Amino acid sequence: MEKSYIIKPASLEDLLLVDSQIPEFDGRNTLSKLQAQCADVDHLALVAYIDNEPVAYKLGYALDSNTFYSWLGAVAPKCRGQGIAKALLNAQEAWVKANNYLTIKVKSMNRFPAMLSMLIKNGYAITGYEDRGSTQTSKILFTKDI
């Protein structure tokens, strides 16, 4: 049975409680890394909670006054397939629009097919490709006008 979740702005520490549950990320994201990226820029950290337990997140920051970059996002394996990632995407888009940004940019990889599919289904257009030597590590760039 799927449990209901609540999405709200959260600390980078709460975000890392989710990040530590993501096998694909293998611990690469640290508090100092997140703080350094988000320092001195407008940013949004959203966390989804089930029974007060953080189970998913989305983190992004301003590239400039018109463009918001959706940097990181993940759902704990035990909670995937419940629509939480799409709900986080929608919440982020609503915040971006309310804060007068015009565009959201995001990058993903072929090894995350669920993310690629969700982005395309939600109106994100492929706008570039960063060749990193293999199809599994290269990055696909997406953009959506808000």
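A few points on the structure. The model shown is predicted, which means the values in this text are computed figures rather than measured ones. (Residues numbered from 1 in each chain as written. Predicted model: local features only at pLDDT ≥ 70, side-chain atom pairs only at ≥ 80, totals over all residues. Heavy atoms only, no water.)

This part takes up the overall build of the chain. From N to C terminus, the chain includes four helices and seven strands. If you list the helices and strands of the chain from N to C, you get β-α-α-β-β-β-α-β-α-β-β. Taking 146 residues into account, the globule formula puts the C-alpha radius of gyration at 15 Å, and the chain, at 15 Å, falls close to it. Along the longest, intermediate and shortest principal axes, the C-alpha atoms of the chain span 40 × 35 × 30 Å. Across the 146 residues that make up the chain, the buried fraction comes to 42%. Counting contacts in the chain only where the partners sit at least 6 residues apart, residues at least 24 apart contribute 63% of the total. (Helix = DSSP H or I, 4+ residues; strand = E, 2+ residues; numbered from the N terminus. Rg over C-alpha atoms; globule rule 2.2 N^0.38 Å. Buried < 20%, exposed > 50% of the residue type's maximum accessible area, 1.4 Å probe, protein only. Contact = heavy atoms within 4.5 Å.)

Compared with the 21 Å implied by 1.5 Å per residue over 15 residues, the 21 Å span of helix α3 (residues 84-98) between its first and last C-alpha is a close match. Listed as buried for α3 are Ile84, Ala87, Leu88, Leu89, Gln92, Glu93 and Val96. Where α3 ends, the next residue or the one after it, Asn100, has phi of about 65°, a positive value. (Expected span 1.5 Å × (residues − 1).)

A word on the sheet that holds strand β4 (residues 67-75). Taken in spatial order, the seven strands line up as β1-β2-β3-β4-β5-β7-β6 in an open sheet, and their pairing is mixed. A single partner strand is all that each edge strand has here, and the edge strands are β1 (6-9) and β6 (125-130). Across the sheet, the mean angle separating the axes of adjacent strands is 25° when strand polarity is ignored. Pairing of strand β2 (residues 43-50) with strand β3 (residues 53-62), which is carried by eight bridges, proceeds in the antiparallel orientation. Paired with Ala48 across the bridge in β3 is Ala56. Seen against the sheet, α3 touches β1, β2, β3, β4, β5 (103-109) and β7 (139-145) and runs at an angle of roughly 145° to β2. Where helix α4 (residues 113-121) meets the sheet, its contacts fall on β3, β5 and β7, and the angle it forms with β5 comes to roughly 155°. (Pairing = 2+ DSSP bridges. Axes fitted to C-alpha atoms, helices over the stretch in contact; angles between N-to-C directions.)

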